[in-house]
Each structure stands twice: as structure tokens, then as C-alpha cells.
Amino acid sequence: MSRLMTVAAAASVAVAIAATTSATNAGSLLDKVLESATLTVAVGTDWGPVSHLNEQHELEGYDVDIAKDIAKSLGVEVKFLTPGWDIITAGKWEGRWDIAMGQMTPTAARAQKFDFPAIYFYEQVFAVVQNDSKATKLADLDGKTVGVTANTTYEAYANHVLTADWKGSTPVTYQFRPGAVKTYASTNVAFDDLRLGDGVRLNAVITDGTSANNAISAGYPIKLLGDPLYAAPGAIAVLHGDKGFSGKIAAAIQKMKEDGTLSKLSLKWYGVDYTTEK
């Protein structure tokens, strides 16, 4: 009986410690951001109009402008870091950044690692082929080599394992089965292989239409093939643990939606308003 009481007492202490730790951690990220007067944001350097380095080697783009506006709403400065997409989606941030941009699709699997306080973009995903491709319909890509950015819904689609489980989603219909799926660090690198010619390294790339149209405008000899494969929302990602911080991010984006800032930024960087679901 004494042993059982000792175990019970130890368990009670453990529960109390856990509760205290949880209470201590609550709001810790928001406190850190406010105390340091800095919001640290993960973005990419070659994500096209999403975020990229300009000729002065400065970061700019749709996500960069949004991150600056979020920081302004919090009354802090913004600092950008540029980890790889695979590092971002792995979720082991180790406190190096506070939020991740990149229009992450808020799937149920990702929700195990992240909170998604705000959706700020809606994208349509296409198969993209080289201008000399003989493919005239999506089914012509059966058995072909397809490039995708690693750790994305594009990769999941190519491998026929995409579960459309985000809010408002519709079931995914697979319109072709690749013979091989080749992964890349970014869509732009995949496009560099595709531009070499149909079948030289790739027959197609699966990516969002905005990235494809941006590459086409930049002179890449590529084109969209067929209708969109699927559509998905893009969200800001933060790690679990601070609902207050997530609430501040959500409020900042909501204000940008209400005052028209979000739509203006989409028009600035894409020429089209991608901030509402169509």
C-alpha cells in the first residue's frame, strides 16, 4: 500500500509539473516575438512570385510582403531565413523561425505537426510540358517521367497517394500514372530540366499554375497541359503550442482581407486575385 501511495504521489507530482510546464509554455512564442521585437519568417529564395531574390539580392514577393505586414501588425520587425522546403515541412524548427510561408497545403497529415492559423492563397495545380511535347491530353503522360518538388502535394499526386482532406476539398481524380517520379528542391530546378527538351530528363512537371505562368513569362519553352489536376488552399504554418500567437497571425490576415491589402498584393505579384476560392 505504501508503494502504491508513493507511485500515486509521484504521478500527481508529474501531472502538476506537466500542467505547470504547459501553463509556462502557453504564450511563450508570442512573448518571445514581442520581447525580441522580431518576427522570424521562413521563406524561399527561388519560389518565383511567392518569394525570390531580386537583382540586388534582396528578398521580395507576395509572401515577403505579407510577412512584413504581419510583423507590422504585431509591432515588431521582420527577419527572413531561407531553409529548404524539406526542412520547413519536417517540422523540426528548433526555434530558428516563428512562422513558415510558402503557401503550405493544410493537409491532415501536416496538421499533426503544424497549426494553420490563416489561409491566404488558393492555387490550381497543373501538369506542365515542354513546348515540343507530343502530349495533347493528360492521359498521354502515362508511363512518362514527371518532376515534382519534394514533400509537396504535387509529389503525392504523382505517386497517387494524395488525400484531399483539407477544408472544402473534393476527391482527387488521377488522370495519368507516371512511369517515374523525380523529386527536386524547387519547381524552378525541375523547369530547368524540362526546358532541355521533351524526354531529355523529364516529360512533365506537376506544379501550381502561378509558378508555371511565371516561368513562361520568363521565356521558358513550356506550357500547361489540360485542365487543373486539383485545387488547394495555401496557409501560413506555425508549430503547435501557442494559440495566442496563432490568433494574432489569423487576425492580421483577416484584417488584410477586409481592407483589401491581400487582394492588392496578389494583383501586384500575379496579376490575378488568388486570395478567394474559385
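The preceding data block contains the structure.
Report follows, based on the coordinates.

Procedures and definitions
- Throughout this description, residue numbers start from 1 for each chain and increase along the sequence as written.
- Only residues with pLDDT of at least 70 get local features here, since the model is predicted, and only at 80 or more are side-chain atom pairs given and counted; chain-wide, interface and lining totals rely on the full set of residues.
- Only hydrogens and water are set aside when side-chain values are computed; all heavy atoms of the structure are taken into account.
- Put simply, DSSP H or I for four residues or longer makes a helix, DSSP E for two residues or longer makes a strand, and each gets a number counted from the N terminus.
- Summary of the burial criterion: residues with accessible area below 20% of their type's maximum are buried, those above 50% are exposed, and those between are partly exposed, where the area comes from a 1.4 Å probe applied to protein chains only.
- Working rule for contacts: check all heavy atoms of both residues, and any pair within 4.5 Å makes them a contact.
- Note on areas: Shrake-Rupley with a 1.4 Å probe; residue coverage comes only from the protein chains shown.
- DSSP calls a pair of strands paired once it identifies at least 2 bridges connecting them.
- Here the axes come from fitting lines to C-alpha atoms, over the contacting stretch only for helices, and the angles between their N-to-C directions go from 0 to 180 degrees.
- Put simply, a nonpolar core is a bunch of buried Ala, Val, Leu, Ile, Met, Phe, Trp, Tyr and Cys residues held in one set by side-chain atoms that sit within 4.5 Å of each other.
- A pair of aromatic rings is counted whenever rings of Phe, Tyr or Trp (Trp by its six-membered ring) have centres within 6.5 Å, and the orientation is called stacked for planes under 30 degrees apart, edge-to-face for over 60 and tilted otherwise.
- In this scheme, the term charge over a ring applies when either NZ of a lysine or CZ of an arginine sits within 6 Å of the ring centre and within 35 degrees of the ring normal.
- Expected helix span is given by 1.5 Å per residue-to-residue step, counting one fewer step than there are residues.

Overview of the overall build of the chain
Okay, step 1: Secondary structure summary: the chain contains 10 helices and 10 strands in total.
Okay, step 2: Going through the 278 residues of the chain one by one, you find that 45% of them count as buried.
Okay, step 3: Across the chain, the fraction of contacts at a sequence separation of at least 24, relative to all contacts at a separation of at least 6, is 73%.
Okay, step 4: Of the roughly 13,700 Å² that the chain leaves accessible, carbon and sulfur atoms contribute 53%.

Concerning the sheet that holds strand E1 (residues 38-42)
Okay, step 1: The sheet built from eight strands is open, its strands ordered E4-E1-E5-E10-E6-E9-E7-E8 with mixed pairing. With partners counted over all chains shown, the strands left at the sheet margins are strand E4 (77-81) and strand E8 (180-184), one partner each. Adjacent strand axes in the sheet meet at a mean angle of 30 degrees, parallel and antiparallel pairs treated alike.
Okay, step 2: Bridge count between E1 and E4: five bridges; the pairing is parallel. Note that in E4 the partner of Leu-39 across the bridge is Val-78.

Concerning the nonpolar core
Okay, step 1: Ranked by internal contacts, the top residues of the largest apolar core, which has 39 residues, are Leu-39, Ile-66, Ile-70 and Ile-99.
Okay, step 2: Here the element with the most residues in this core is helix H3 (residues 62-74); it accounts for six residues.
Okay, step 3: By size, the runner-up hydrophobic cluster in this structure holds 23 residues, among which are Val-125, Tyr-157, Leu-162 and Trp-166.

Some words on the packing of aromatic side chains
Okay, step 1: Per the counting criterion, the structure on display carries 14 aromatic pairs.
Okay, step 2: When the centroid spacing of 5.5 Å and the interplanar angle of 35 degrees are considered together, the rings of Trp-93 and Phe-114 count as tilted. Placement of Trp-93 in the loop between helix H4 (85-90) and strand E5 (99-104) and of Phe-114 in strand E6 (residues 114-130) is noted, with a sequence separation of 21 residues between them.
Okay, step 3: Taking relative accessible area as the criterion, Trp-93 reaches 1% and is therefore assigned buried.
Okay, step 4: Given the relative accessible area of 1%, Phe-114 is considered buried.
Okay, step 5: Taken together through their ring pairs, the aromatic side chains of Tyr-62, Tyr-120, Phe-121, Tyr-270 and Tyr-274 make up a single cluster.
Okay, step 6: Sitting over the ring of Tyr-220, Arg-195 keeps its end group 4.0 Å from the ring centre.

Thoughts on H3
Okay, step 1: Under the 1.5 Å per step criterion, the end-to-end length of H3 is 19 Å for 13 residues, consistent within 8% with the ideal 18 Å.
Okay, step 2: Residues of H3 that are buried: Tyr-62, Asp-63, Val-64, Asp-65, Ile-66, Ala-67, Ile-70, Ala-71 and Leu-74.
Okay, step 3: One or two positions beyond H3, positive phi appears at Gly-75, with a value near 75 degrees.

Thoughts on the environment of Arg-201
Okay, step 1: Along the chain, the position of Arg-201 falls in the loop between helix H7 (187-194) and strand E9 (204-208).
Okay, step 2: Linking Arg-201 and Lys-182, residues 19 residues apart in sequence, is a C-alpha distance of 9.3 Å.

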